[in-house]
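The primary structure of each chain is shown beneath.
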Amino acid sequence: MAFSYLDNKGNDLVVDGWYNVMPKQKAKVELDSKNDIYYLYSEFSNGKNLEGGKGSVDLNVKDCSFFYKQKQIPDDVDRKVSFLRARGNDGHALIRIK
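Treat the numbers as computed from the prediction; the structure is a model and nothing was measured.

Some thoughts on the pairing of strand β6 (residues 66–69)
Part 1 of the reasoning: Covered by surrounding structure in β6 are Phe66 and Tyr68 only, the residues Phe67 and Lys69 on the alternate face being uncovered.
Part 2 of the reasoning: By the bridge criterion, four bridges tie strand β2 (residues 13–17) to β6 in an arrangement that is antiparallel. Along β6, the bridge assignment pairs Val14 with Lys69.

Structural data, given as structure tokens:
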């Protein structure tokens, strides 16, 4: 999974990935944000993606771990994907993927 969110430290929109979760496992991902709106993009081992939809944003990702401010896109990005808009509650969200 990759996320985009409003970072508490610099009050910047950032793009952060990858967070790996093994099939049938749970993982706790803590993002440094209190904002209820965040964006999510996910790739699965079966080749499917969780992406796009109403309110989505197209953002750049790398094929290895990355972190950057949306205003400062690195030169070595690999591709652009569509992050879906999601909402948490008081800075927390539970993501269930079946």
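With respect to the pattern of salt bridges
Part 1 of the reasoning: Under the criterion given, the structure shown has five salt bridges.
Part 2 of the reasoning: In this structure, Lys62 engages Asp76 in a salt bridge whose closest nitrogen and oxygen atoms are separated by 2.8 Å. Here the residue Lys62 occupies a position in the loop between β5 (57–61) and β6, and Asp76 occupies one in the loop between β6 and β7 (79–87), the gap between them amounting to 14 residues.
Part 3 of the reasoning: Assessed through its relative accessible area of 16%, Lys62 is described here as buried.
Part 4 of the reasoning: Residue classification places Asp76 among the partly exposed residues on the basis of a relative accessible area of 43%.
Part 5 of the reasoning: Between Arg79 and Asp63 there is a salt bridge; the shortest N-O distance is 3.0 Å. Here Arg79 is found in strand β7, whereas its partner Asp63 is found in the loop between β5 and β6, with 16 residues between them in sequence.
Part 6 of the reasoning: Residue Arg79 is classed as partly exposed on the basis of its relative accessible area of 28%.
Part 7 of the reasoning: For Asp63, a relative accessible area of 53% translates into the label exposed.
Part 8 of the reasoning: Connected through salt bridges with shared partners, the residues Glu43, Asp63 and Arg79 form a single ionic network.

Overview of the packing of aromatic side chains
Part 1 of the reasoning: The tally for this structure, following the rule as stated, stands at six aromatic pairs.
Part 2 of the reasoning: Measuring from centroid to centroid gives 6.2 Å for Phe3 and Tyr38, while their planes differ by 50°, and the two rings are tilted. Taken as a pair, Phe3 in strand β1 (residues 2–6) and Tyr38 in strand β3 (residues 37–43) lie far apart in primary sequence, 35 residues in all.
Part 3 of the reasoning: Note on Tyr38: relative accessible area 10%, which makes it buried.
Part 4 of the reasoning: Ring geometry for Tyr41 and Phe83: centres 5.9 Å apart, planes at 40°, overall tilted. Separated by 42 residues along the polypeptide, Tyr41 in strand β3 and Phe83 in strand β7 bring together distant segments of the chain. As far as burial versus exposure is concerned, Tyr41 and Phe83 are alike and both buried.
Part 5 of the reasoning: An aromatic cluster is built from Trp18, Tyr41, Phe66, Tyr68 and Phe83, whose rings are joined through pairwise contacts.

Conventions adopted
- Residues numbered from 1 in each chain as written.
- Predicted model: local features only at pLDDT ≥ 70, side-chain atom pairs only at ≥ 80, totals over all residues.
- Heavy atoms only, no water.
- Buried < 20%, exposed > 50% of the residue type's maximum accessible area, 1.4 Å probe, protein only.
- Helix = DSSP H or I, 4+ residues; strand = E, 2+ residues; numbered from the N terminus.
- Pairing = 2+ DSSP bridges.
- Salt bridge = Lys/Arg side-chain N within 4 Å of Asp/Glu carboxyl O.
- Phe/Tyr/Trp six-rings, centres within 6.5 Å; stacked < 30°, edge-to-face > 60°.

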